[in-house]
Structures are given as C-alpha cells and as structure tokens.
Amino acid sequence: MARINLKGMGVALITPFRNDKSIDYEALARLLEYQIKNGSDYLVVLGTTSEAPTLTPQERRELKEFIVHRVAGRVPLVLGCGGNNTQGVIDELSASDLSAFQAILSVVPYYNKPSQEGIYQHYAAIAKASPLPIILYNVPGRTGVNMTAETTLRLAQEFPSIIGIKEASGNMTQMDDIIKRKPADFMVISGDDGITYPLITLGAHGVISVIGNAFPREFSKMVRLGLEGDYEAARSIHHRFTELFSLLFVDGNPAGVKCLLHAMGYIENVLRLPLVPTRITTYEKIRRVLDSLT
C-alpha cells in the first residue's frame, strides 16, 4: 500500500441544509469551490463535522458521489468511516466505493469505552481489512476514552497502513510524546484548530480543521508558514483567530462554524437534531469577531 502525504490543512467539511432540513447541494457546490480555490490541501468527507450520524445511508452515498464529482481530483479526499462496532466499520468499508479517496479517517470507538487493548484490536482489525491507508482519530472529549500514546505508537509501528493520527486529546504532553517516538513517516495531525500552531512547532504535519470551512485561505497560510519554519508570521495569524477558536465550540460543533458561514452568507443556519443552532448571544459575538476580521 503506497504511502500518502497529507501535509498542510485538511478541512472537515460541513453538510449545508436547507430550511426544510434537506441537503443543500447548491450551497455545498459553492463551498467546495471556495475550499479548492483558497488553499485547502485536502478535504475530509463525512467526518463528525458533517453531521454524518443524522444522514441516511442513501444521503451519505449521494453526498460522497456529489463531492467526488465536483472535486474531480483537484485535491485529495479523505473519507470518515468509524464507529463502535468494529465489524460494522469493516462491513461499511467493504461495501463502499473507495476509488476516489486517498485515506480513511476512523474515530476511536465511542460510548462503550473499550480498554487500550480493545482500541488496539479494533484498529488492527480495520487495518487488516481496509484497502486504503488509515488515519486514527483520538477525541476523548467526544468518545469518552483516550487512546494513549503507547497504543497509538504500537499501532503506528505494527501496521504500515496506519499512516497517521488526528489528535484532539488536548494533552500536549501526550501529543509531543507521539511526535518524539513515532516512525519517521507517521503523520501527527492536529484535531483542534486552537492548538494547531503550537503543535506544528513541535513537529506536527498540519491540521484537519473546522475553521477552515470559513477561512481556508488564512488558516492554510498559517499552517504553511508554520511548516516552513516562519513561526513569527504564523503566530500572528494564529493570534488573529484565538477568540474565534473558542466561540466556534461554545455551543458545539458544527453549530459554531455553521453560524459563522451563515453570517458570511454561504449557507442557511440549519442543523439536524439533536444539534441546534448557536444561541443568539453566541451568534452576535461571532458576527462581531467576523466584522473585525474582514
């Protein structure tokens, strides 16, 4: 299996909805062009930011086909495919057309809180079954369990098809330990916009970003400058967005970034239950920050 390089800024795509809660493909087409023309290095399809759990199987298939057709090979695509039923993930991979995708992003099993050995065995089974390289995704604030550095490194060392990790534990010591001890070609990718800059200074490969949905040009420039070692210029961009980083998540994701994109005129401010739009007070704060940035 060939190694791939996903250095830079990937964007965890949202799914825009119309007011009747159907998928707004016209808005999605505009967003895809906006991403590709403004510096996004790759796109993540059907990640958690896409509200994938609220999409029907048919909608997920149609969404994938639409994105693949519109992107037309202009940037790499990564497909979100994870869950807390290992065999279910394997079955989904075997039933999916993966020909247009470069890698799979697969989250640590959520809710059932497996042990570290259970997490290892989960990913080992997926690695043996997947026709594509795998990016691990550690986000304990959502899954309820942290994948330790030891488990991540064990997987990285034993399975060449496991090519990286999206790390969103918030534990800088843990992330630094992975960077320090990982195989040379194993990618550590920030899963948190707010710590992307410091993580790059430690040796991370980039970010899978939420804020990149709205500010692909600016945020990809920050990532690129950091990767080139121009930390002062990268830090100045990072500091422009620090208030927005927290505002986008105060009422949950993707409520914050959908609010921002609505304020920018790109989409309707619509989510599917159980997610709801941000509070009015948050919307007003986001609009105020947006006005200061534009």
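Here, the structure is the one placed above.
Since this is a predicted model, take the numbers as computed values, not measurements.

Undergrad: Mind showing me how you'd approach the pairing of strand E5 (residues 134-138) here?
TA: Taken across its five residues, E5 has five buried, putting it largely inside the fold. As paired elements, strand E4 (residues 103-107) and E5 share four bridges and run parallel to each other. Residue pairing across strands places valine 107 opposite tyrosine 137, the latter belonging to E5. With five bridges connecting them, E5 and strand E6 (residues 162-167) associate as parallel partners. The residue bridging leucine 136 from the neighbouring strand is isoleucine 165, located in E6.

Undergrad: Would you explain the packing of aromatic side chains in this entry?
TA: The relative placement of two aromatic rings is captured by the distance of their centres and the angle of their planes. Evaluated as defined, the whole model comprises six aromatic pairs. Arranged with centres 5.9 Å apart and planes meeting at 75°, the rings of phenylalanine 219 and phenylalanine 245 form a pair that is edge-to-face. With phenylalanine 219 in helix H9 (residues 216-227) and phenylalanine 245 in helix H11 (residues 242-247), this residue pair connects regions lying 26 residues apart in the sequence. Each member of the pair, phenylalanine 219 as well as phenylalanine 245, is classed as buried. Clustering of aromatic rings is evident, with ring pairs tying together Phe215, Phe219, Phe241 and Phe245. Of note, arginine 154 hangs over the ring of tyrosine 120, and the distance from its end group to the ring centre comes to 3.4 Å. Over the ring of tyrosine 137 we find lysine 166, and its NZ or CZ is 4.1 Å from the ring centre.

Undergrad: What is the right way to look at the sheet that holds strand E2 (residues 42-45) in this model?
TA: Strand pairing in a sheet takes place through backbone hydrogen bonds and is either antiparallel or parallel in direction. Reading around the circumference, E1-E2-E3-E4-E5-E6-E7-E8 is the order of the eight strands in this closed barrel, with parallel pairing throughout. Averaged over all pairs of adjacent strands, the angle between strand axes in this sheet comes to 25°, irrespective of strand direction. The sheet contacts of helix H2 (residues 57-71) involve E2 and strand E3 (77-80), and relative to E3 the element is tilted by about 175°.

Undergrad: Can you walk me through the side chain of asparagine 269 in this structure?
TA: The topology assignment puts asparagine 269 in the loop between helix H12 (255-263) and helix H13 (280-293). On the accessibility criterion, asparagine 269 (19% relative accessible area) is buried. Setting aside residues up to four positions removed in sequence, asparagine 269 forms contacts with Lys258, Cys259, His262, Pro277 and Tyr283.

Definitions and cut-offs
Residues numbered from 1 in each chain as written. Predicted model: local features only at pLDDT ≥ 70, side-chain atom pairs only at ≥ 80, totals over all residues. Heavy atoms only, no water. Buried < 20%, exposed > 50% of the residue type's maximum accessible area, 1.4 Å probe, protein only. Helix = DSSP H or I, 4+ residues; strand = E, 2+ residues; numbered from the N terminus. Pairing = 2+ DSSP bridges. Phe/Tyr/Trp six-rings, centres within 6.5 Å; stacked < 30°, edge-to-face > 60°. Lys NZ or Arg CZ within 6 Å of the ring centre and 35° of its normal. Axes fitted to C-alpha atoms, helices over the stretch in contact; angles between N-to-C directions. Contact = heavy atoms within 4.5 Å.

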